[in-house]
Amino acid sequence: MSQVGVSDPAEPVLVLENIQHAYRRTIAVRGVSLTVQPGEILAVTGPSGCGKSTVLHVAAGLIRPQSGTVRLFGQSLTGAGDDERARLRRGKLSLVLQFGQLVPELTGVDNVALPLLLDGHGPTQARRLALGWLERCGAQELADVEPAEMSGGQAQRVAVARSLITSPQLMLADEPTGSLDSIGGRELLDLMIGEARRSGAALIVVTHDNSVAARADREIRLFDGEIASEAVLV
Ligand SMILES: Nc1ncnc2c1ncn2[C@@H]1O[C@H](COP(=O)(O)OP(=O)(O)OP(=O)(O)O)[C@@H](O)[C@H]1O
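Every residue gets a number counted from 1 within its own chain, in the order that chain's sequence is written. Owing to the predicted nature of the model, reporting of local features is limited to residues with pLDDT of at least 70; listing and counting of side-chain atom pairs is limited to 80 or more, with chain, interface and lining totals taken over all residues.

1. Structural notes on the pairing of strand β2 (residues 26-36)
Logical step 1: Where strand β1 (residues 14-23) and β2 come together, 8 bridges link them in antiparallel fashion. Residue Ala 22 lies in a different strand from β2, and its bridge partner there is Ile 27. At least two bridges found by DSSP between two strands are what make those strands a pair. Numbering of helices and strands starts at the N terminus; helices are DSSP runs of H or I of at least 4 residues and strands are runs of E of at least 2.

2. Looking at the pairing of strand β6 (residues 93-96)
Logical step 1: Burial along β6 is two-sided: Leu 93 and Leu 95 and Ser 94 and Val 96, pointing in opposite directions, are all buried.
Logical step 2: The pairing of β6 with strand β7 (residues 170-174) spans 4 bridges and is parallel. In the strand pairing of β7, Leu 93 is matched with Leu 170. Counting other C-beta atoms within 10 Å of a residue's own tells you its class, since 20 or more makes it buried, 12 or fewer makes it exposed, and anything in between is partly exposed; those C-beta atoms are placed from the backbone.

3. Topic: the packing of helix α3 (residues 108-118) against helix α4 (residues 123-136)
Logical step 1: Close contact between α3 and α4 brings their axes to 8 Å; oriented N to C, the two are set at 125 degrees. Here α4 runs oblique to α3, going by the angle between their axes. Here α3 runs over α4; the crossing is right-handed. Here Gly 108, Val 109, Val 112, Ala 113, Leu 116 and Leu 117 of α3 lie close against α4, whose contacting residues are Pro 123, Ala 126, Arg 127, Leu 129, Ala 130, Leu 131, Trp 133 and Leu 134.
Logical step 2: Following the grouping adopted for this structure description, the nonpolar residues are Ala, Val, Leu, Ile, Met, Phe, Trp, Tyr, Cys and Pro, the charged ones are Asp, Glu, Lys and Arg, and the polar ones are all others, Gly among them. Grouping the amino acids of the contact of α3 with α4 by side-chain chemistry returns 12 nonpolar, 1 polar and 1 charged. For helices, the axis comes from a line fit to the C-alpha atoms of the stretch in contact; other axes are also lines fit to C-alpha atoms, and the angle between any two N-to-C directions lies between 0 and 180 degrees. Under this scheme an angle from 65 to 115 degrees is roughly perpendicular, one under 35 degrees roughly parallel, and one over 145 degrees roughly antiparallel; angles in between are oblique. For any pair of crossing helices, the crossing counts as left-handed if the nearer helix is rotated counterclockwise from the farther one by less than a right angle, and right-handed if it is rotated clockwise. By definition, residue pairs are in contact when their C-beta atoms, positioned from the backbone, come within 7 Å.

4. Quick word on the sheet that holds strand β9 (residues 218-223)
Logical step 1: In space, the 6 strands of this open sheet follow the order β6-β7-β8-β3-β9-β10, with mixed pairing throughout. Where the open sheet ends on each side, the last strands, each with one partner, are β6 and β10 (226-232). Across the sheet, the mean angle separating the axes of adjacent strands is 15 degrees when strand polarity is ignored.
Logical step 2: When β7 meets strand β8 (residues 202-206), the two strands line up parallel, connected through 5 bridges. Following the sheet pairing, Ala 173 is matched in β8 by Val 205.

5. With respect to the nonpolar core
Soluble globular proteins: nonpolar side chains tend toward being buried together.
Logical step 1: Note on terminology: a nonpolar core is a set of buried residues of type Ala, Val, Leu, Ile, Met, Phe, Trp, Tyr or Cys, with members joined through C-beta atoms within 7 Å. Ranked by internal contacts, the top residues of the largest apolar core, which has 66 residues, are Ala 59, Leu 134, Val 158, Ala 161, Leu 172, Leu 203 and Ile 204.
Logical step 2: In terms of residues, this core owes the most to one element, helix α5 (residues 152-164), which gives 6 residues.
Logical step 3: Each residue touching Ile 204, except ones within four places of it in the same chain, is listed here: Val 36, Leu 42, Val 44, Leu 56, Ala 59 and Leu 172.

6. Regarding the packing of α3 against α5
Logical step 1: In contact at an axis separation of 7 Å, α3 and α5 are set at 25 degrees when each is read in the N-to-C sense. Judged on the interaxial angle alone, α5 and α3 are roughly parallel. The way α3 lies across α5 gives a crossing that is right-handed. Listed contacts from α5 to Gly 108, Asn 111, Val 112, Leu 114 and Pro 115 of α3 are Val 158, Ala 161 and Arg 162.
Logical step 2: Taken together, the residues of the contact of α3 with α5 break down into 5 nonpolar, 2 polar and 1 charged.

Structure representation (structure tokens):
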């Protein structure tokens, strides 16, 4: 068995097996299984409320499913405590959630630098790299702005910059461009896909947008908490 933080490059980055999850009486996910290989770009689509975000949160280890198993970078999350889950994610997994989920007390540049600081980088280098990623994400003017002063689309740009700065092995993104206009959204998605292709990272993107899904390697469509169809797109 591999050690925490060290994964075999040949093994899947993520394996979900028969995941079921309910919020009180609402069954959100009913028996979803999927495997994501290194470098794979997977779109998860389906109508509102079909369970897409719940699957993504389970994959990230943010929700403990009521049943089923999750293997992230070859490690089982079942029975792993919060610290162990955080350790497994750190530096290797990045998340862009629907509304950016930035740290409200930090400016744009400090939000982007945060994963590097947590990884032990010095503040000067972390902020320099963060400024570079803000620029690539079209958000350099947000360096000194706090999240409360940002629009939804601006917060998404900063969140994408933060997700790319660690060169993660797995990027999880929930409607990462949903608050941007179509051109801005396309550019930001191009950047995420380009980075994934360049670095060999896997990317799972939850989207309502067919043009986003069309650019993935594979599309999984959920309906009422189950995988309704799966298509290989390349
Ligand atoms: N925190 C929660 N408490 C109660 N019910 C929830 C919660 N989160 C999600 N649900 C319900 O679980 C089901 C699946 O929700 P989920 O957010 O995973 O779907 P989704 O496909 O991502 O939806 P959307 O596209 O609208 O974001 C829905 O019926 C939703 O109302």
